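Remarks on the overall topology
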Amino acid sequence: MTLIVHQAPRRLKLGKAIGRIIANLGRSIIAGCKRSCSLARAYTTRFITALHDTHKQAMTFQHVDDVSNLITANNECEAYTKTTQLALHFKHLTNELKLDISDKSAIIPQSHTTTAIANTLKANGLQISVLKCGKDLGID
């Protein structure tokens, strides 16, 4: 029933004005819906499980509308291999679920190796930045 509500046509209201019916919603979630987190997690559970099962040394964290990965390695070559394999697998899984990867994706910290990783991923259609440090400021 929740999915029907999310996929139903909508109208926007401002004061007494009511807009036209919006029928083409794509994969939208109603802002403020108490079930949005549950829907997102249910939709991506197999995705997260596949990443965890395939890349056991990496830690995958699932947030409401975000996924982060922590990869540790013994040397730069291992870091390059692990990170590129996980990122390309991530891209494949998101494509299967018809999800978009944000263009704010980033690798931290900045180094020769992480720059090489970003260049490889960009060559494979995955936009990613390399940063010295990062802090998500949110929307407040």
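An account of the accompanying structure is given in this report.

1. Focus on the overall build of the chain
- The number of helices and strands found in the chain is four helices and six strands.
- Within the chain, the fraction of its 140 residues that count as buried is 21%.
- Contacts in the chain between residues far apart in sequence, at least 24 positions, make up 43% of those at least 6 positions apart.
- Carbon and sulfur atoms make up 56% of the accessible area of the chain, which totals about 10600 Å².

2. Some words on a nonpolar patch on the surface
- On the surface, Met59, Phe61 and Leu70 cluster together into a nonpolar patch covering about 260 Å² of accessible area.
- A residue is classified by how much of its surface remains accessible, and Leu70, at 42% relative accessible area, is partly exposed.

3. Some words on unusual backbone geometry
- Of note, the bond from Ile108 into Pro109 is cis; its omega dihedral lies within 30 degrees of zero at 5 degrees.
- Along the chain, the position of Pro109 falls in the loop between strand S5 (106-107) and helix H4 (112-123).

4. What about the packing of helix H2 (residues 36-54) against helix H3 (residues 76-96)?
- One way to put it is that H2 packs onto H3 with a least axis distance of 10 Å and a crossing angle of 155 degrees. Relative to H3, H2 is oriented roughly antiparallel. For the pair H2 and H3, the crossing hand works out as right-handed. Between H2 and H3, the contacting residues are Phe47, Ala50, Leu51 and Thr54 on the first element and Leu86, His89, Phe90, Leu93 and Thr94 on the second.

5. Comments concerning the packing of aromatic side chains
- Per the counting criterion, the structure on display carries one aromatic pair.
- Centre to centre, the rings of Phe47 and Phe90 are 5.1 Å apart; their planes meet at 70 degrees, and the pair counts as edge-to-face. Remark: Phe90 occurs in helix H3 and Phe47 occurs in helix H2; sequence separation between them is 43 residues. Of the two residues, Phe47 and Phe90, both sit in the buried class.

6. Brief notes about the pairing of strand S3 (residues 59-62)
- Of the two faces of S3, the one holding Thr60 and Gln62 is buried and the one holding Met59 and Phe61 is not buried anywhere.
- Sheet topology note: the S3/strand S4 (residues 67-70) ladder contains four bridges and is antiparallel. Along S4, the bridge assignment pairs Met59 with Leu70.

7. Details of the nonpolar core
- Membership of the largest hydrophobic core is limited to eight residues, which are Phe47, Ile48, Leu51, Ala58, Leu86, Phe90, Leu93 and Leu97.
- Elements that contribute at least two residues to this core include exactly H2 and H3.
- Once residues within four sequence positions are removed from consideration, Leu86 is found in contact with Leu51, His55, Ala58, Asn69 and Ile71.
- Ala87, Ile117, Ala118 and Leu126 belong to the second-largest nonpolar core, a separate cluster that totals seven residues.

About the thresholds
- Here the residue index of a chain counts from 1 through its sequence in written order.
- Given that this is a predicted model, residues contribute local features only at a pLDDT of at least 70 and side-chain atom pairs are listed and counted only at 80 or more, while totals for whole chains, interfaces and linings are drawn from all residues.
- Computation of side-chain values: all heavy atoms of the structure, hydrogens and water removed.
- A helix here means a DSSP run of H or I that spans at least four residues, while a strand means a run of E at least two residues long, and both kinds are numbered starting from the N terminus.
- Between buried and exposed lies partly exposed: a residue is buried under 20% and exposed over 50% of the maximum accessible area for its type, with that area taken using a 1.4 Å probe on protein chains only.
- The contact criterion used throughout is that any non-hydrogen atoms of two residues lie within 4.5 Å.
- We get accessible surface area from the Shrake-Rupley algorithm with a probe of 1.4 Å; when it comes to residues, only the shown protein chains can shield them.
- Patch construction takes residues with relative accessible area above 30% that form no salt bridge. Like charges are linked within 9 Å, and nonpolar side chains (Val, Leu, Ile, Met, Phe, Trp, Tyr) are linked within 5 Å.
- Here, a salt bridge means any side-chain nitrogen of Lys or Arg that lies within 4 Å of a carboxyl oxygen of Asp or Glu.
- All axes here are fitted lines through C-alpha atoms, helices being fitted over the stretch that makes contact, and every angle between N-to-C directions spans 0 to 180 degrees.
- Any angle from 65 to 115 degrees is called roughly perpendicular, while one under 35 is roughly parallel, one over 145 is roughly antiparallel, and all others are oblique.
- The hand of a helix crossing depends on one turn: near helix anticlockwise from the far one by less than a right angle means left-handed, and clockwise means right-handed.
- Pairing of aromatic side chains requires ring centres within 6.5 Å, counting the rings of Phe and Tyr and the six-membered ring of Trp. Pairs whose planes differ by under 30 degrees are stacked, by over 60 edge-to-face, and all others tilted.
- We treat two strands as partners when DSSP finds at least two bridges between them.
- Among the buried residues, those of types Ala, Val, Leu, Ile, Met, Phe, Trp, Tyr and Cys that are joined through side-chain atoms within 4.5 Å form a nonpolar core.

No statement about biological role is implied by the geometric values presented.
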